There are 2 protein chains.
Amino acid sequence: MIQTPYLLFLGDAPDALAAKVAQGIKDWRPDVSVGQFRMPGCNADMGLADMTLAEAKAAGAKTLVIGVANRGGVISQAWRAVLVEALKMGFDIASGLHNLLRSEPALVAAAQTHGCTLHDVRVPNASYPIANGVRRTGKRCLAVGTDCSVGKMYTGIAIEREMRARGLDADFRATGQTGILITGSGVPLDAVIADFMAGAVEYLTPDAAPDHWDIIEGQGSLFHVSYSGVTMALVHGGQPDALILCHEPTRTHMRGLPDHVQPSLEELRDVALQMARVSNPGCKVVAISVNTQHLGKQEALDYLAQTEARVGLPTVDPYVQGASRLVDAMEAI
Amino acid sequence: MIQTPYLLFLGDAPDALAAKVAQGIKDWRPDVSVGQFRMPGCNADMGLADMTLAEAKAAGAKTLVIGVANRGGVISQAWRAVLVEALKMGFDIASGLHNLLRSEPALVAAAQTHGCTLHDVRVPNASYPIANGVRRTGKRCLAVGTDCSVGKMYTGIAIEREMRARGLDADFRATGQTGILITGSGVPLDAVIADFMAGAVEYLTPDAAPDHWDIIEGQGSLFHVSYSGVTMALVHGGQPDALILCHEPTRTHMRGLPDHVQPSLEELRDVALQMARVSNPGCKVVAISVNTQHLGKQEALDYLAQTEARVGLPTVDPYVQGASRLVDAMEAI
């Protein structure tokens, strides 16, 4: 478990996109984001208070979270100096970078000397079992997408927020790096050894009280040839009671695959449901979540209404409209 | 590439089942299996000549292949003495054991001193890319099963054998430990990191001549919740032109999953084809391969005929009847 609150390290992010991990944390966990640390050349801004390490420490920050992608996959000398200084001051550091904190001797040494923890959330920190397929108690929801990066994580977190606001017992279960940094724990599923993927999902969402909901973060797409195996492990290991279909309507092709077109929501519905019922025969597709960020306001409302009429499922953009109708649909099963 | 011919090490195998890797190699590559090495207590017998290390060396064997599971996952002192002696005599050693040869200091030291190679085929020996989904030249066949361990590997090797006997250009592409030991190379797909599974399959079956066939070894099942992610990566990374459905008709439940029943061949056909067409829109389901080892002779023939009539696809047990009709079906697409 990563200790909160966080100081969000934006480094020398050349633009807002480079700091999208920080953006996700700030959007969903403003309560644990006490400030941001920016270096010369930083063009990203989370709208948080700019803080020195000492100011963040005084404000109660326990973990410096690297919220920015590093250029060329290298932790620069300038970054390293800041990170070592943070460890000296007693901060833990959490990172989802491809190149690991634990591969940097200066950081390992400083963490050891000062009794701090380096969290590389990109690599698994547990030994997962092979999935046994035994039905677990409690309820589970999984977001599945027509493509990658269509809003599955945002949908899941929005649902958790709405359920908790209603006093329901719900946990978002993170399966990706940003989700883990937002939540403080989870399984980095894309880094798990193939044989243990579904078992890692079973491990992530154990037996729970009958009215407890695990909201499992989706990954990839059953129709995305690069990552469909990871998605399949989520569908089978997750044993979802409720599936939510996620879609981004302006894509002209599958992300990163120029020759592949997106499936329709109906195709996704049918395949995902058939596969989910292998592990949970009672599974239902309950709603549709659309990422309308690239549509105009009226265009978005029209698209949502038309889709709802066509497919016959509640259809919303939870980031714009909230997840109320999604939770209603989950509660109704 | 593992050097042939092989000496098959049966160790102190308590029964024939413990030596099933050796059995697979002997069944399919008798041409490269010069002999067997048995220790006191060995109750397995491949019907090959029993040889000392010196006799095997004289007979031309280049690699000692561990064809037996080790008790308790530990390489015993008795095994170790034989393996070190083999390295001293210039043998390479190949193993699909969970505990690795490279984790045994005595073996590593002897291999280094004597210039021999230790092949741990359970772990990947290459850095695989993320799948790009670009269509590759040449033709590909993939066996998909209603369950695990229903004869997908045997089906694939039988097809390769039949195609080569006809003078066709075909390669069996191994994706599991036994298959790799039989073939001498391949990708241990269940040990690959999740994000790279489909890319590893693309790497395994690269562009080829238009009339070349890659016969890709299947793994798991789209309907087996423990391993379905691996199967999905094969379906999408493999870009199959031809799917062959594999089935074992006497199973009362999915292997290792007492609460899960097998899908019908029709369910497998429909899901596998839809998923395969995501990566290769021209894919066809061409035939059915049934493992009839647990049926009586007439019972088997009846089952094959009834299944063929019901599903409308050529249906054979290639281990009993040969793969001729499977290859006819592939050639007809």
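Residues numbered from 1 in each chain as written. Chains lettered and ligands numbered in written order. Predicted model: local features only at pLDDT ≥ 70, side-chain atom pairs only at ≥ 80, totals over all residues. Heavy atoms only, no water.

## Digging into the interface of chain B and chain A
Thought 1: In this assembly, 33 residues from chain B lie in contact with 33 residues from chain A.
Thought 2: Between chain B and chain A, the buried area comes to about 2,800 Å², and carbon and sulfur atoms account for 60% of it.
Thought 3: Looking only at chain B, the three residues that lose the most surface to chain A are B:A194, B:D195 and B:V225, adding up to 18% of its buried area.
Thought 4: The interface formed by chain B and chain A holds 0 salt bridges in total.
Thought 5: Broken down by secondary-structure element, the contributors of at least two residues to the side of chain B that touches chain A are α7 (197-204), α8 (228-238) and α9 (265-279) of chain B.
Thought 6: When grouped by side-chain class, the residues that make up the side of chain B that touches chain A number 20 nonpolar, 10 polar and 3 charged. (Contact = heavy atoms within 4.5 Å. Buried area = accessible area lost by both parts, 1.4 Å probe. Salt bridge = Lys/Arg side-chain N within 4 Å of Asp/Glu carboxyl O. Helix = DSSP H or I, 4+ residues; strand = E, 2+ residues; numbered from the N terminus. Nonpolar A, V, L, I, M, F, W, Y, C, P; charged D, E, K, R; others polar.)

## Considerations on the sheet that holds strand β10 (residues 284-290) of chain A
All names here are of chain A.
Thought 1: Judged by pairing direction, the sheet is parallel, and its 6 strands sit side by side in the order β7-β8-β6-β9-β10-β11 without closing on themselves. In this open sheet, the two strands that pair with only one neighbour each are β7 (170-173) and β11 (315-316).
Thought 2: Here β10 pairs with β11 via 2 bridges, running parallel. Its bridge partner lying in β11, S289 is registered against V316. (Pairing = 2+ DSSP bridges.)

## Some details on the nonpolar core
Thought 1: Within the largest apolar cluster, 88 residues are counted, with the highest numbers of intra-cluster contacts made by A:L189 and B:L189.
Thought 2: Sequence-distant contacts of A:L189, defined by excluding residues within four places in its chain, comprise A:T175, A:M197, A:A200, A:V201, A:V230, A:L234 and B:A194. (Core = buried A, V, L, I, M, F, W, Y, C linked by side-chain atoms within 4.5 Å. Buried < 20%, exposed > 50% of the residue type's maximum accessible area, 1.4 Å probe, protein only.)

## A closer look at helix α5 (residues 152-165) of chain B
All names here are of chain B.
Thought 1: The terminal C-alpha atoms of α5, which comprises 14 residues, lie 20 Å apart, in line with the 20 Å expected from a rise of 1.5 Å per residue.
Thought 2: The buried fraction of α5 amounts to 10 of the 14 residues, a majority that puts the element mostly inside the structure.
Thought 3: Along α5, the positions that sit buried rather than exposed are K152, M153, T155, G156, I157, A158, I159, E160, E162 and M163. (Expected span 1.5 Å × (residues − 1).)

## Here we look at the relation of the copies chain B and chain A
Thought 1: Placing chain B over chain A gives an RMSD of 0.0 Å and needs a rotation angle of 180°, together with 0.0 Å of translation along the axis. Both chain copies can therefore be described as sitting about a two-fold axis.
Thought 2: When the interface residues of chain B are mapped onto chain A, 100% of them again fall at the interface, so both copies present the same face. (Least-squares fit on C-alpha atoms with pLDDT ≥ 70 in both.)

## Re the confidence of the model for chain A
Thought 1: When pLDDT is averaged along chain A, the result is 96, and 100% of the positions lie at 70 or above.
Thought 2: Quick note on the complex model: pTM equals 0.93, ipTM equals 0.92. (pLDDT = per-residue confidence, 0-100.)

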